[in-house]
Amino acid sequence: LPRIYQGEDFWCQGYSEPGSGSDLASLKTRAVRQGDHYVVTGQKIWTTQAHFADWIFCLVRTDASRDKRQEGISFLLIDMRSPGITVRPIILMDGGHDVNEVFFDDVAVPVENLVHEEHKGWTVAKYLLGYERMGTGRVGQSKRELATLKALAARQLKDGQPLIEDPRFRDRLTRVEVELMALEITNLRFLDQLRGGRPPGAEVSLLKIKGTEIQQAIGELMMQAAGPFAQAFRPVDNMDFDHFTARLAARYCNMRKVTIYAGSNEIQRNIIAKATLGL
Ligand SMILES: Cc1cc2nc3c(=O)[nH]c(=O)nc-3n(C[C@H](O)[C@H](O)[C@H](O)COP(=O)(O)OP(=O)(O)OC[C@H]3O[C@@H](n4cnc5c(N)ncnc54)[C@H](O)[C@@H]3O)c2cc1C
């Protein structure tokens, strides 16, 4: 833990596999116990920053015979320098390299790298996902982006007037700002629960849904504010170019991911319906 805290060890998360994203319990990467090692074989996908990671925490199938699929899964910590690991980049629609495929070809993992009990990894993953979803709300980032949006709308002109004075634009902007304030207060309520020793439960999914919808809404308003200047992907030489607006289209494309990662927003709604509302 101190090495993580000091930024000396960088970790990535190996849950999703081709065909096992929303239906994570169907995952197939196998770990077979052989003496004091597990031998891991399979593939992970969408692994964020795996190309920089020193370690990966992985969900692996240790027992395929269980009726309840969640009960045959274990949680392993794997050194990314282990022989048999290959990382292959996936380039996203904005041209960026954030995510990867990770292949495990008979990778030997010491048994002491098992977290919690064998076959009980699902419990560990669920606990961690609660914390991840708290983070995906990203209130601080959205507040900074909102300030940037306001500055942009103040310098863009519509019919000779700053766009920010246009009633229709103001209406849309204000709605997002109010939602963000409500999200911040809700986030603080969850943090207070955490401080009281209660880990995030299923209801934390609402932070993920609202937070990511707000992030996308701010991005869309930025595109509207920039108008045609939002379309260029990169500045053209010798043109009087606004470098901020020139990056907006790529950013807009990149932001499609936020309602997918950490469990898609549709899945979060299912979780709330089942675990919180009892539907
Ligand atoms: C940028 C990015 C980074 C990521 N980083 C990581 C990472 O570091 N580690 C990791 O393990 N994973 C990571 N993921 C994977 C992410 O968790 C999965 O993409 C996500 O869980 C969705 O799974 P899927 O892509 O297989 O889509 P699918 O599960 O195939 O879903 C496709 C669509 O169907 C919908 N859907 C599926 N099932 C249902 C249902 N029961 N009810 C209603 N709608 C449903 C989904 O909402 C989605 O819209 C990342 C993904 C992205 C895009």
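Residues numbered from 1 in each chain as written. Predicted model: local features only at pLDDT ≥ 70, side-chain atom pairs only at ≥ 80, totals over all residues. Heavy atoms only, no water.

1. A closer look at the site of the ligand
For step 1, the next point in the chain: Around the ligand, 17 residues are found, and the nearest of them are Ser22, Trp46, Thr48, Ser264 and Glu266.
For step 2, the next point in the chain: Asn270 places a polar side-chain atom, nitrogen or oxygen, 3.1 Å from a nitrogen atom of the ligand.
For step 3, the next point in the chain: Within the complex, 65% of the 980 Å² of free accessible area of the ligand lies under protein.
For step 4, the next point in the chain: If you tally residues by element for the shell around the ligand, the top one is helix 8 (residues 265–276), at three residues.
For step 5, the next point in the chain: Here the residues of the shell around the ligand are counted per class, giving seven nonpolar, eight polar and two charged.
For step 6, the next point in the chain: For the shell around the ligand, the domains that each give at least three residues are domain 1 (2–119) and domain 2 (126–276). (Near = heavy atom within 4 Å. Polar contact = N/O pair within 3.5 Å; in protein donor to acceptor, adjacent residues only side chain to side chain. Areas by Shrake-Rupley, 256 points an atom, 1.4 Å probe, with all protein chains shown as cover. Helix = DSSP H or I, 4+ residues; strand = E, 2+ residues; numbered from the N terminus. Nonpolar A, V, L, I, M, F, W, Y, C, P; charged D, E, K, R; others polar. Domains from an automatic or database assignment.)

2. Here's the deal with the side chain of Ser142
For step 1, the next point in the chain: Turning to its location among the elements, Ser142 is positioned in helix 3 (residues 139–155).
For step 2, the next point in the chain: Assessed through its relative accessible area of 2%, Ser142 is described here as buried.
For step 3, the next point in the chain: Ignoring sequence-local partners within four residues, the contact set of Ser142 consists of Leu180, Ile214, Gln215 and Ile218. (Buried < 20%, exposed > 50% of the residue type's maximum accessible area, 1.4 Å probe, protein only. Contact = heavy atoms within 4.5 Å.)

3. Observations concerning the environment of Ser20
For step 1, the next point in the chain: By the element assignment, Ser20 lies in the loop between strand 1 (11–14) and strand 2 (30–34).
For step 2, the next point in the chain: Sequence separation between Ser20 and Ala275 is 255 residues; the distance between their C-alpha atoms is 21 Å.
For step 3, the next point in the chain: Filtering out sequence-adjacent residues up to four positions away, Ser20 remains in contact with Ser26 and Leu27.

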